[in-house]
Amino acid sequence: MKLKLDLHDIYNKGGEIDKALRGIIQEALQKKATEVEIIPGKGSGQLKKKVLRFLDQKEIKALYHRIDKDAKNHGRLFVYFRYK
């Protein structure tokens, strides 16, 4: 199962971005999704950096397996989950 989060609509609302990211991570864990696609968009790269900082937090990092940046589209990130 693959989930998708598009951050275009809330790019300038810091609190809502964190809330949306936490929500999609929790949803992925509940549904045992193997992949979450996060779309911060291309822009200046500030939103992507914010997303990466969020994902790099110790308590969040423990929840997923790895992150990939899309080589062809720098406005997308993939977060992969592994379940036992």
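Residues numbered from 1 in each chain as written. Predicted model: local features only at pLDDT ≥ 70, side-chain atom pairs only at ≥ 80, totals over all residues. Heavy atoms only, no water.

**Quick word on the sheet that holds strand S1 (residues 2-6)**
Logical step 1: Strand order across the open sheet formed by four strands is S1-S2-S4-S3, with mixed pairing between neighbours. Of all the strands in the sheet, just S1 and strand S3 (66-69) have a single pairing partner and so form its edges. Averaged over all adjacent pairs, the angle separating strand axes in this sheet is 20°, with direction ignored.
Logical step 2: Judged from the four bridges that link them, S3 and strand S4 (residues 77-80) form a sheet pairing that is antiparallel. Residue pairing across strands places Asp 68 opposite Phe 78, the latter belonging to S4.
Logical step 3: Strand contacts of helix H1 (residues 14-31): S1 and strand S2 (35-39), with the helix running at about 175° to S1, the strand carrying the most contacts. (Pairing = 2+ DSSP bridges. Helix = DSSP H or I, 4+ residues; strand = E, 2+ residues; numbered from the N terminus. Axes fitted to C-alpha atoms, helices over the stretch in contact; angles between N-to-C directions. Contact = heavy atoms within 4.5 Å.)

**So, the packing of aromatic side chains**
Logical step 1: Counted under the stated rule, the structure contains two aromatic pairs.
Logical step 2: Ring plane angle 10° and centroid distance 6.5 Å describe the contact between Phe 81 and Tyr 83, whose orientation is recorded as stacked.
Logical step 3: Looking at Phe 81, the relative accessible area reads 6%, which means it is buried.
Logical step 4: A cation over a ring is seen here: Arg 66 above Tyr 80, with NZ or CZ 4.3 Å from the ring centre. (Phe/Tyr/Trp six-rings, centres within 6.5 Å; stacked < 30°, edge-to-face > 60°. Buried < 20%, exposed > 50% of the residue type's maximum accessible area, 1.4 Å probe, protein only. Lys NZ or Arg CZ within 6 Å of the ring centre and 35° of its normal.)

**A word on the nonpolar core**
Logical step 1: With 22 residues, the main nonpolar core has Leu 7, Leu 21, Val 36, Ile 38 and Leu 55 as its most contacted residues.
Logical step 2: Of all the secondary-structure elements, those providing two or more residues to this core are S1, H1, S2, helix H2 (46-55) and S4.
Logical step 3: Top element by residues in this core is H1. It accounts for six residues.
Logical step 4: Excluding residues within four positions of it along the chain, Val 36 makes contact with Leu 3, Ile 24, Ala 28, Leu 77, Phe 78, Val 79 and Phe 81. (Core = buried A, V, L, I, M, F, W, Y, C linked by side-chain atoms within 4.5 Å.)

**A word on the side chain of Lys 48**
Logical step 1: Within the element layout of this structure, Lys 48 appears in helix H2.
Logical step 2: One buried charged residue, Lys 48, remains without a salt bridge, the closest side chain of opposite sign being Asp 70 at 8.9 Å.
Logical step 3: Setting aside anything within four residues of it in sequence, one finds Lys 48 in contact with Pro 40, Lys 69, His 74 and Leu 77. (Lys, Arg positive; Asp, Glu negative; His and termini not counted. Salt bridge = Lys/Arg side-chain N within 4 Å of Asp/Glu carboxyl O.)

**Quick look at the side chain of Glu 35**
Logical step 1: Tracing the chain through its elements places Glu 35 in strand S2.
Logical step 2: Once you skip the residues sitting within four places of it in the chain, Glu 35 turns out to touch Met 1, Lys 2, Leu 3, Phe 78, Val 79 and Tyr 80.

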